[in-house]
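Below, each chain spelled out in residue letters.
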Amino acid sequence: MSSAMAPSYAAAVEEITSIYKSLPPRPSIEQVAAANSVLQTVETEQHLQLEEISKQPPPQGVPPELFSVLQEVKKAMVSFRSHEQRKEAAELVELNRILQVFDELIQKASSLVSGRPFLERGGKDEDDAEGEIVEEKSVDSTDDDDVKSIYPITAPSSKIVALAAAAFPRDGGSEKLNLMDVAAAIENSSKTGATVLDLRGKLMDKVEWLPFTLGKLSTLSELNISENRIMALPNSIASLKTLMKLDVHGNQLINLPSLFGELHSLTDLDLSGNLLKSLPESFRNLKLLINLDLSLNRFSKLPTIVGDLCSLQRLNVETNDLEELPYTIGSCLSLVELRLDFNMLKALPEGIGKLERLEILTLHFNHVKRLPSTMGSLSHLKELDASFNELEMIPETLCDAVSLEKLNVGKNFADLRALPESIGNLKMLEDLDICDNQIRVLPDSFRLLSRLRNFRADQTPLQVPPMKITESGAQAVVEYMANFVAERDGRLVLRHKKRGMLAYICPLLLCFATGKA
């Protein structure tokens with residue numbers, strides 16, 4: 001086509017170009033993929049939530065008619081929230097569709113200007129269509145300025161770069177991401193082969209679930225989505241076969257996907273601060289799991305499958321509603337640290353004695369009355385906190401746990417009246433708390449605790465030693481008990497000697513008196 005065009009022809013070309021340039025920026029391929037994943041995720045979650053509402057039984061005392069209205073209101077709310085979640089994604093997908101229409105019209109205009117035939121998209125598969133577009137865009141390499149002007153030069157989209165920066169913040173930025181942003185960040189992370197994704201506290205409150213495309217992150221080793229308001233994890237998370245560290249603390253998870261146990265590489269898992277009451281059966285397959293935090297949830301009991309976690313070294317179940325531990329806890333032979341504080345435990349299973357590698361055991365604020373006799377087998381135990389319980393006695397066998405360095409049995413109030421007689425066997429003991437109990441006399445063997453550095457007995461009515469001695473420090477108490485025992489034993493020896501002499505003299509005197517008579 002000659003560069004010299006009729007004025008009307010050139011004006012038409014200029015108007016087409018002007019209209020095309022006035023269009024909004026074109027979404028990137030990643031953004032479109034993210035939008036489609038959001039729509040599919042929202043659709044799936046809406047279906048699941050509506051299904052769950054339909055299965056809910058009517059509360060006692062609520063008339064069926066009123067309960068039916070309540071369910072409809074809940075369903076309407078789910079639909080409304082889903083509409084809000086899909087709005088932006090739907091708009092972006094629709095924008096992309098409209099711009100595709102403009103693309104075809106521009107290509108048609110370009111073919112008229114260049115004199116090349118225009119091939120319609122209809123009837124071609126996607127690959128053929130893309131090839132045609134490339135071929136048509138190749139006319140930009142010609143010297144025809146009018147043809148070039150039809151295709152506006154567009155800079156590469158920086159949206160994904162910005163999202164990636166938000167997902168991997170270096171300056172602790174506070175910008176919150178919506179569901180579309182998250183989906184786009186996932187798409188970008190997937191393409192770049194990211195190994196770490198950090199979304200801690202970065203999601204808007206309205207983001208209650210993650211896109212199913214999360215499963216595309218096949219190279220991910222660390223995922224942090226803590227401190228958000230996520231209610232459910234997508235089933236696709238089971239596809240993250242290389243994931244080693246997962247932090248979901250501080251969300252609103254009610255349950256875990258049934259295939260969660262497919263995360264075979266997982267070594268560190270933080271599920272604290274959620275609404276969990278149970279674990280899926282597949283959880284037992286996490287054979288490499290080392291650290292597990294289930295604190296601040298709603299467990300009333302732990303499933304027996306916990307015993308299958310053969311690599312588990314640290315288990316935290318603080319602040320739940322636990323009334324008992326499963327007997328299978330004794331199968332966690334690698335366990336080094338077990339935290340049971342702030343529950344409703346009434347006893348510990350005897351199997352606890354099998355945990356020969358255990359170093360830290362805390363059960364602060366429970367209702368435990370007796371400690372298992374098997375605790376003497378805990379040869380590596382260094383710290384035991386049984387304060388704020390209802391302990392009535394401490395088994396003598398505990399004194400066989402000779403590695404113990406810190407023992408807290410304080411605040412058992414009216415229940416605990418004595419320490420075990422053989423407490424002196426705990427040669428490594430450095431810290432002992434017996435505050436707020438009813439102990440009046442320390443055992444004789446207390447004098448053998450030569451390493452004791454901290455001793456607390458506030459609000460305990462000690463008579464031996466006197467309270468003024470305990471105020472002088474741990475070693476003052478140890479020294480007092482040594483002197484007390486020595487003096488007492490000395491008096492006993494003297495008394496025995498006196499009794500022995502009297503036993504010898506009295507018969508002589510009796511004989512003398514009899515002979516004189």
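Residues numbered from 1 in each chain as written. Predicted model: local features only at pLDDT ≥ 70, side-chain atom pairs only at ≥ 80, totals over all residues. Heavy atoms only, no water.

Draft legend 1. Examining the nonpolar core more closely. Among the nonpolar cores identified, the biggest contains 103 residues, and Phe283, Phe446 and Phe455 are the most heavily contacted of them. Elements with a contribution of two residues or more to this core: helix H2 (29–55), helix H3 (64–114), helix H7 (179–192) and helix H9 (474–516). Beyond its immediate sequence surroundings of up to four residues, Phe446 is in contact with Ile423, Leu432, Leu452, Phe455, Val477, Val478 and Met481. (Core = buried A, V, L, I, M, F, W, Y, C linked by side-chain atoms within 4.5 Å. Buried < 20%, exposed > 50% of the residue type's maximum accessible area, 1.4 Å probe, protein only. Helix = DSSP H or I, 4+ residues; strand = E, 2+ residues; numbered from the N terminus. Contact = heavy atoms within 4.5 Å.)

Draft legend 2. Examining unusual backbone geometry more closely. In this structure, Pro465 follows Val464 across a cis peptide bond, with omega equal to 0°. Backbone geometry at Phe342 places phi at a positive 55°, although glycine is not the residue there. Mapped onto the elements of the fold, Phe342 is located in the loop between strand E7 (337–339) and strand E8 (360–362). If you check the backbone angles, Phe365 has positive phi at about 65° while not being a glycine. Secondary-structure assignment places Phe365 in the loop between E8 and strand E9 (383–385).

Draft legend 3. Representation of the pattern of salt bridges in the model. Counting across every chain of the model gives 12 salt bridges. Two residues, Arg200 and Glu227, come together in a salt bridge whose shortest N-O distance is 2.8 Å. With Arg200 in the loop between strand E1 (196–198) and strand E2 (222–224) and Glu227 in the loop between E2 and strand E3 (245–247), this residue pair connects regions lying 27 residues apart in the sequence. What makes Arg200 partly exposed here is its relative accessible area of 45%. Overall, Glu227 belongs to the partly exposed group, its relative accessible area being 37%. One continuous salt-bridge network, built from bridges that share partners, spans Glu281, Arg284 and Asp308. (Salt bridge = Lys/Arg side-chain N within 4 Å of Asp/Glu carboxyl O.)

Draft legend 4. Inspection of the environment of Met428 at higher detail. Along the chain, the position of Met428 falls in the loop between strand E10 (406–408) and strand E11 (431–433). Along the primary structure Met428 and Ser403 are separated by 25 residues, whereas in three dimensions their C-alpha atoms are 5.9 Å apart. Contacts of Met428, omitting those with residues within four sequence positions, involve Val402, Ser403, Leu404, Glu405 and Arg451.

Draft legend 5. A nonpolar patch on the surface, seen in detail. On the surface, Leu66, Val69 and Val73 cluster together into a nonpolar patch covering about 280 Å² of accessible area. Its location among the elements puts Leu66 in helix H3. (Patch = residues over 30% accessible without salt bridge, like charges linked within 9 Å, V, L, I, M, F, W, Y side chains within 5 Å. Areas by Shrake-Rupley, 256 points an atom, 1.4 Å probe, with all protein chains shown as cover.)

Draft legend 6. Spotlight on H7. Taking 1.5 Å per residue as the helical rise, H7 with its 14 residues ought to reach 20 Å, and the 20 Å between its terminal C-alpha atoms agrees with that figure. Residues of H7 that are buried include every one of Leu179, Met180, Asp181, Val182, Ala183, Ala184, Ala185, Ile186, Glu187, Asn188 and Ser189, and no others. At the N-terminal end of H7, a side-chain oxygen is found 3.1 Å from the backbone nitrogen of Met180, two or three residues along, and the residue is Asn178. Where H7 terminates, the next one or two residues include Gly193, which has phi positive at roughly 70°. (Expected span 1.5 Å × (residues − 1). Polar contact = N/O pair within 3.5 Å; in protein donor to acceptor, adjacent residues only side chain to side chain.)

Draft legend 7. Here's a closer look at the sheet that holds E8. Within the open sheet, the 12 strands sit side by side as E1-E2-E3-E4-E5-E6-E7-E8-E9-E10-E11-E12. Their pairing is parallel. Two strands bound the open sheet, and with one partner strand each, they are E1 and strand E12 (454–456). Put simply, the sheet's adjacent strands are angled 5° from each other on average, direction ignored. Relative to E12, E11 runs parallel, the two sharing three bridges. Its bridge partner being in E12, Leu432 is matched across the sheet by Phe455. (Pairing = 2+ DSSP bridges. Axes fitted to C-alpha atoms, helices over the stretch in contact; angles between N-to-C directions.)

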